[in-house]
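Coordinates in review
Below, each chain spelled out in residue letters.
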Amino acid sequence: MALIIDTFSPVAKITIVRLFLAMAAMRHWPLHQLDIKNVFLHGDLEEEIYMKQPTEFVAQGEYGLVCKLHRSLHGLKQSPRAWFNKFSHIVQLFGLKRSEADHSVFYCHTSPGKCVYLMVYVDDIVITGNDAINISQLKEHLFSHF
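So, here's what we can say about the structure.

**Structural notes on the environment of Y63**
Position of Y63 relative to the elements: it lies in the loop between β2 (44-52) and β3 (66-71). Residue class for Y63 comes out exposed when judged on its relative accessible area of 64%.

**Some points on helix α3 (residues 132-145)**
Taking 1.5 Å as the rise per residue, α3 with 14 residues should run 20 Å; its terminal C-alpha atoms sit 20 Å apart, in good agreement. Those residues of α3 lying buried are N134, I135, L138, H141 and L142. The buried residues of α3 occupy an angular sector of 120° when projected down its axis, which confines them to one face. Opposite its buried face, α3 presents the exposed residues A132, I133, E140 and S144, each directed more than 90 degrees away.

**Regarding the sheet that holds strand β1 (residues 31-35)**
The strand order across the open sheet formed by 5 strands is β1-β7-β6-β5-β4, and the pairing between neighbours is antiparallel. Lying at the two open borders of the sheet, with one neighbouring strand each, are β1 and β4 (97-98). Here 6 bridges tie strand β6 (residues 115-121) to strand β7 (residues 124-129), and the two strands are oriented antiparallel to one another. Residue pairing across strands places Y117 opposite T128, the latter belonging to β7. Contacts between helix α1 (residues 14-26) and the sheet are confined to β1, β5 (105-109), β6 and β7, with β6 contributing the most and set at about 145° to the helix. On the sheet, α3 packs against β1, β5, β6 and β7 and is oriented at approximately 160° with respect to β7.

**Things to note about the packing of aromatic side chains**
The description of two aromatic rings rests on the distance between their centres and on the angle between their planes. For the structure shown, the criterion picks out 4 aromatic pairs. Judged by centre distance (6.4 Å) and plane angle (40°), the ring pair of F84 and F106 falls under tilted. Placement of the pair is F84 in helix α2 (residues 79-94) and F106 in strand β5, with a sequence separation of 22 residues. Here the two residues F84 and F106 agree in accessibility, since each one is buried. Taken together, F84, F87, F106 and F146 form an aromatic cluster joined through their ring pairs.

**Remarks on the side chain of N134**
Within the secondary structure, N134 sits in helix α3. If we skip the residues at most four places from it in the chain, N134 touches F94, C108, T110 and V116.

**Re the nonpolar core**
Of all hydrophobic cores here, the largest spans 18 residues; its most connected members are F87, F106, L118, I125, I127 and L142. Where this core is concerned, the elements lending two or more residues are α2, β5, β6, β7 and α3. Residues within four places of I127 in sequence aside, it is in contact with P30, L31, H32, L34, V116, Y117, L118, I135, L138, K139 and L142. Listed in part, the 12 residues of the second largest apolar core include F20, M23, C115 and V126.

What counts, and at which threshold
Residues numbered from 1 in each chain as written. Predicted model: local features only at pLDDT ≥ 70, side-chain atom pairs only at ≥ 80, totals over all residues. Heavy atoms only, no water. Helix = DSSP H or I, 4+ residues; strand = E, 2+ residues; numbered from the N terminus. Buried < 20%, exposed > 50% of the residue type's maximum accessible area, 1.4 Å probe, protein only. Expected span 1.5 Å × (residues − 1). Arc of directions from axis to C-beta. Pairing = 2+ DSSP bridges. Contact = heavy atoms within 4.5 Å. Axes fitted to C-alpha atoms, helices over the stretch in contact; angles between N-to-C directions. Phe/Tyr/Trp six-rings, centres within 6.5 Å; stacked < 30°, edge-to-face > 60°. Core = buried A, V, L, I, M, F, W, Y, C linked by side-chain atoms within 4.5 Å.

What follows is the structure in structure tokens.
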């Protein structure tokens, strides 16, 4: 029996991107764009993965050994999924809910009439809404984790 591993990171559908931007424009909401650097280094691996030692880092007499990875790396097939799972968890810890229409969109309705929306496309994040305080707190929350 083969183990099937998801190797993708959910990204916003183009229709959702257009809707997101149109909603912000029609309501005169600000757009905040964030770019997470070294995004795939933030993912936690759920399975055991080993790799050959990079030739530049092999200690003398230590040839033929392997490294056990604890975090994802760029180029690893599991990295996009591991990153998105971690990001989704951190965003939901803040109190945002994942949209059922598009899993790369998160939202929060705070006090009456106040809301925050977040959309993620791999390592690019766009936040909008009419709750400036909550948006600022969300950005600080993301900065503290990534």
